[in-house]
Amino acid sequence: MAVIEDYGKMKIVECDLPPMRSKDLLIKIDACNLCTSEYGIYSGVRKAGFPYTFGHEWVGTVVETGDEVTRFKKGDRVVGCYEYDAESLPAQLADSSTAPRKYSFTEMNEDGFYGRFRACADYLVQPEVCTFTMNKDLDISEAAFLEPLATVCCGIKRLQLKPTDKVLVIGAGTMGILNALVAKAYGSTVFQSEMMPKKIEAARQLGIDCIDVDGKDPIEEIPKVSGIQGFDVVIVAVGVSSAYDQAFKLLKQHEGKVLFFAAGFPEPKMSISQ
């Protein structure tokens, strides 16, 4: 298993897997993408305890099932996550044989590691209830992208987007582009803003109207290029205070919605005038 030993230091360790329970799966990891949040811990901009385990954007193959597993069999391609604890599961699922094990970001776990995620490894023991079938024809690097895509879909669902909505996504990093693509899939009119040339080009290659705001005032440039004076929805995919301020200034005056998607380290500040 890969662990972050200290800021800027990583190592591979051998350790025992947790015991299989009746509703668990033993999964061989085929691919595990790295999240920006994990790089933040490695680089030191996000604080964590060490040694820190990681890996939550993964795809794998079932190699063993618990006695009470009903939805999967050996050889199935699967994805999943540990994004919730036993307390948030429906009552009928929150039992000792089903619920995710309690790992902590901030407190040392019983096995001497910090961190809730463990998929940057050869094998993972995963509750059936947290696991989903994945098409075997999909490239493993794309299949491992399901978890970040799922977080985007969760946020977009809360916005209750309509085809008539005019949407602005601030930031064209990986997650910003995913937000823009999902919003387009809802039929909404979508614009994106960015200042880095490579990100602008990536967004445009995927068919997104990306506005270059490098060296310009976004509050003036975005309405001028888009022709929209006040967006119905603004999605902030950059974790900085200036992006937060832009969101409210570019939002329509009444009944607009802002989704703060990106996590920021250090924590961004928000200022809202009444």
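(A) Here's a closer look at the environment of Phe105. One can find Phe105 in the loop between strand S6 (77-80) and strand S7 (123-127). Counting along the chain gives 139 residues from Phe105 to Tyr244, while the straight-line C-alpha distance between them is 26 Å. If we skip the residues at most four places from it in the chain, Phe105 touches Gly49, Tyr52, Tyr114, Gly115, Arg116 and Phe117.

(B) Representation of the nonpolar core in the model. Core analysis: the biggest nonpolar cluster contains 21 residues, and Ile156, Leu159, Leu161, Val167, Val169 and Ile235 have the highest contact counts within it. Only helix H3 (146-159), strand S9 (166-170), helix H4 (174-185), helix H5 (197-205) and strand S12 (233-236) provide two or more residues apiece to this core. It is H4 that contributes the most residues to this core, 5 residues altogether. Excluding anything up to four places from it in sequence, Leu161 contacts Ile156, Val167, Ala183, Tyr186, Ser188 and Val233.

(C) Spatial organisation of the sheet that holds strand S2 (residues 9-12). Pairing is antiparallel in the open sheet, where 3 strands are placed in the order S2-S1-S4. Unpaired on one side and paired on the other, S2 and strand S4 (52-53) mark the two borders of the sheet. Sheet analysis places strand S1 (residues 2-6) next to S4, joined by 2 bridges and oriented antiparallel. Among the inter-strand pairings, Ile4 is bridged to a residue of S4, identified as Tyr52.

(D) Structural view of the packing of aromatic side chains. Counted according to the given criterion, the structure contains 4 aromatic pairs. Judged by centre distance (6.1 Å) and plane angle (40 degrees), the ring pair of Tyr39 and Tyr42 falls under tilted. Within this pair, Tyr39 and its partner Tyr42 are both found in helix H1 (residues 36-43), separated by 3 residues, close to a single helical turn. Residue Tyr39 is classed as exposed on the basis of its relative accessible area of 55%. With a centroid separation of 5.9 Å and an interplanar angle of 50 degrees, the aromatic rings of Phe248 and Phe260 are classed as tilted. Here Phe248, found in helix H7 (residues 241-250), pairs with Phe260, found in strand S13 (residues 257-260); they are 12 residues apart in sequence, far enough to count as distant. A relative accessible area of 29% places Phe248 in the partly exposed class. Phe260 sits in the partly exposed class, given a relative accessible area of 29%. Among the aromatic side chains, those forming a connected cluster through ring pairs are Tyr244, Phe248 and Phe260.

(E) The packing of H3 against H4, seen in detail. Two elements in contact, H3 and H4, have axes whose closest approach is 10 Å; the angle formed by their N-to-C orientations is 55 degrees. Comparing their axes, H4 and H3 come out oblique. In the crossing of H3 with H4, the sense of the turn from one axis to the other is right-handed. On H4, the residues that touch Pro148, Leu149, Thr151, Val152, Cys153 and Ile156 of H3 are Met175, Leu178, Asn179, Val182 and Ala183.

(F) Spotlight on H1. Where H1 is concerned, the buried positions are Glu38, Gly40 and Ile41. Down the axis of H1, the buried set is contained in an arc of 155 degrees. They therefore lie on one face. In H1, the exposed positions that point more than 90 degrees away from the buried face belong to Thr36 and Tyr39. Buried positions along H1 lie against S1, strand S3 (24-33) and S4.

(G) Representation of helix H6 (residues 218-226) within the structure. Here H6 has its buried residues at Pro218, Glu221, Ile222, Pro223 and Ser226. The secondary structure elements touched by the buried residues of H6 are S9, strand S10 (189-194), strand S11 (209-212) and H7. You can read the cap of H6 off the contacts: a side-chain oxygen lies 3.0 Å from the backbone nitrogen of Ile219, and it is on Asp217. Phi for Gly227, located one or two positions after H6, is positive at around 75 degrees.

What counts, and at which threshold
Residues numbered from 1 in each chain as written. Predicted model: local features only at pLDDT ≥ 70, side-chain atom pairs only at ≥ 80, totals over all residues. Heavy atoms only, no water. Helix = DSSP H or I, 4+ residues; strand = E, 2+ residues; numbered from the N terminus. Contact = heavy atoms within 4.5 Å. Core = buried A, V, L, I, M, F, W, Y, C linked by side-chain atoms within 4.5 Å. Buried < 20%, exposed > 50% of the residue type's maximum accessible area, 1.4 Å probe, protein only. Pairing = 2+ DSSP bridges. Phe/Tyr/Trp six-rings, centres within 6.5 Å; stacked < 30°, edge-to-face > 60°. Axes fitted to C-alpha atoms, helices over the stretch in contact; angles between N-to-C directions. Parallel < 35°, antiparallel > 145°, perpendicular 65-115°, else oblique. Left-handed = near helix turned anticlockwise from the far one by under 90°. Arc of directions from axis to C-beta. Polar contact = N/O pair within 3.5 Å; in protein donor to acceptor, adjacent residues only side chain to side chain.

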